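Coordinate inspection notes
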Amino acid sequence: MIPLASPLAQYRSQAGAIDAAIRRVLEGGDYVLGGEVQAFERAFAEFCGVGDAVGVNSGTDALKLALRALGIGAGDEVVTVSHTALATVAAILEAGAVPVLVDIDPVHRTIDPARIDAAVTSRCRAIVPVHVYGQAADMAAVLAIAQRHGLKVIEDCAQAAGGRYRGQRLGSLGDAGCFSFYPTKNLGAIGDGGMVTANDVQLAGRVRRLRQYGWDEHRRTQEAGFNSRLDALQAAILAAKLPRLDEDNGRRAALARRYATALRDLPMTLPATRADGDHVFHLYAIESDDAEALRRHLASRGIGSAAHYRVPVHRHDGYAARVVVPATGLPVTERLAGRMLSLPIYPELADADADRVIDAVRDYFAGR
Ligand SMILES: Cc1ncc(COP(=O)(O)O)c(C=O)c1O
């Protein structure tokens, strides 16, 4: 079986460092927040080139707390996309705001800047560009639009740890960057975890208070908060893995090149990469008329794949009534639903296994 992603292979490839980190935490006796979390926050802030970073319980909470720390909540609108994980939109709702969903650019599948202006009302407070699949959104355009309307920009970096846009790390371009350390992510924990990055240390300080009931360092509060702490085990494991993230992302990019070379003549659209960004290939998502049949064919050959995002957020029963969609609809998002298929990609995937994936995809099209 070749899985879509393999947190187990990742653990095994770094077991020595991870086991040592776990043992250190167990013997240290400090299991929630504390020195391990502070050390990882510093390392991650330095890695991203930002003023500060705040560890939280998940990527969803990172988005929620960043929004709340920027003063965004009830009555406010936040522009984002429907071609994303439910979590992006769930976090906006949890913050109390209304998600306003716009279409994506058909080539890169990130937010289409040309659709944002029409979605901005007097209640709009922020834009959440999603660096989906591991590729940067068109940040120059997003930031220019945000500045024109006086909006905050919160980058959803859940799928893009280590990625860059015009040389800068993702998570350092907007007002805040929000990361997920869910085990399958490019920097994955052995459980849930997330991080908010910010250049503004005051903003980071507010996130730090909000993650623990609103407490300051003297356990006094000026505002009510949440419980969204990162635990020491996850922080220590993530700190042990961080030094290898760039190398791992390089391996993902090499696998993506291998797929691109071997599959380019087939009747499907391969991922397009921006010339001014470093795509970190959290997912290798192709587009095809045959996505579902290809998924079944791959499964019959013991190869995992997944349809991201077969049901866009605005088509989910639990969310449809809670989001705003433009009167003109979301034609690109709708067209891609059911046409995308993510092929296995993770740093430990051997070339021989990538070649098995390639052979299986080629066999599918040869047999049509
Ligand atoms: C684009 C995107 N945003 C947010 C999240 C939320 O992260 P988490 O699962 O850590 O809450 C995810 C991951 O599921 C994601 O892919």
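What you see is a predicted model, and the numbers here were worked out from it, not measured in a lab.

Section: a nonpolar patch on the surface
Together, L26, Y31 and V32 line one region of the surface with nonpolar side chains, adding up to about 270 Å² of accessible area. With respect to the secondary-structure elements, Y31 resides in the loop between α2 (15-28) and α3 (34-48).

Comments concerning the site of the ligand
Among the 13 residues in the neighbourhood of the ligand, the closest are listed as G59, T60, D156, S180 and K185. The separation between an oxygen atom of the ligand and a polar side-chain atom of T60 is 2.5 Å. Here T88 contributes a side-chain N or O atom positioned 3.5 Å from a nitrogen atom of the ligand. Summarising the interface, the protein chains cover 88% of the accessible area of the ligand, which totals 390 Å² for the free molecule. Going through the elements one at a time, α4 (59-69) and α5 (86-94) are the ones with two or more residues in the shell around the ligand. Classifying every residue of the shell around the ligand gives 4 nonpolar, 7 polar and 2 charged.

Side note on the confidence of the model for the protein
The predicted model of the protein averages 97 in pLDDT, with 100% of residues at 70 or higher. Between the elements of the protein, mean pLDDT differs from a low of 95, seen in strand β10 (residues 277-278), to a high of 99, seen in strand β5 (residues 152-156).

A short note on the domain arrangement of the protein
The domain boundaries assigned to the protein delineate domain 1 (7-103 + 112-243) and domain 2 (245-366). Here the C-alpha centre of domain 2 lies 24 Å away from the C-alpha centre of domain 1. Each side of the interface is counted separately: domain 1 has 42 residues, and domain 2 has 38 residues. On the domain 1 side of the interface with domain 2, the three residues burying the most area are D103, Y133 and N186, jointly 22% of the side's total. Among the ionic pairs, R169 bridges to D246, the shortest N-O distance being 2.9 Å. One can count 25 residue pairs in polar contact (both at pLDDT 80 or more) joining domain 1 with domain 2. Secondary structure elements with two or more residues in the side of domain 1 that touches domain 2: α1 (7-13), α5, β3 (98-102) and β6 (164-165). When residues of the side of domain 1 that touches domain 2 are assigned to their parent elements, the largest contribution, 5 residues, is made by β3.

Reading the values: the criteria
- Residues numbered from 1 in each chain as written.
- Predicted model: local features only at pLDDT ≥ 70, side-chain atom pairs only at ≥ 80, totals over all residues.
- Heavy atoms only, no water.
- Patch = residues over 30% accessible without salt bridge, like charges linked within 9 Å, V, L, I, M, F, W, Y side chains within 5 Å.
- Areas by Shrake-Rupley, 256 points an atom, 1.4 Å probe, with all protein chains shown as cover.
- Salt bridge = Lys/Arg side-chain N within 4 Å of Asp/Glu carboxyl O.
- Helix = DSSP H or I, 4+ residues; strand = E, 2+ residues; numbered from the N terminus.
- Near = heavy atom within 4 Å.
- Polar contact = N/O pair within 3.5 Å; in protein donor to acceptor, adjacent residues only side chain to side chain.
- Nonpolar A, V, L, I, M, F, W, Y, C, P; charged D, E, K, R; others polar.
- pLDDT = per-residue confidence, 0-100.
- Domains from an automatic or database assignment.
- Contact = heavy atoms within 4.5 Å.
- Buried area = accessible area lost by both parts, 1.4 Å probe.

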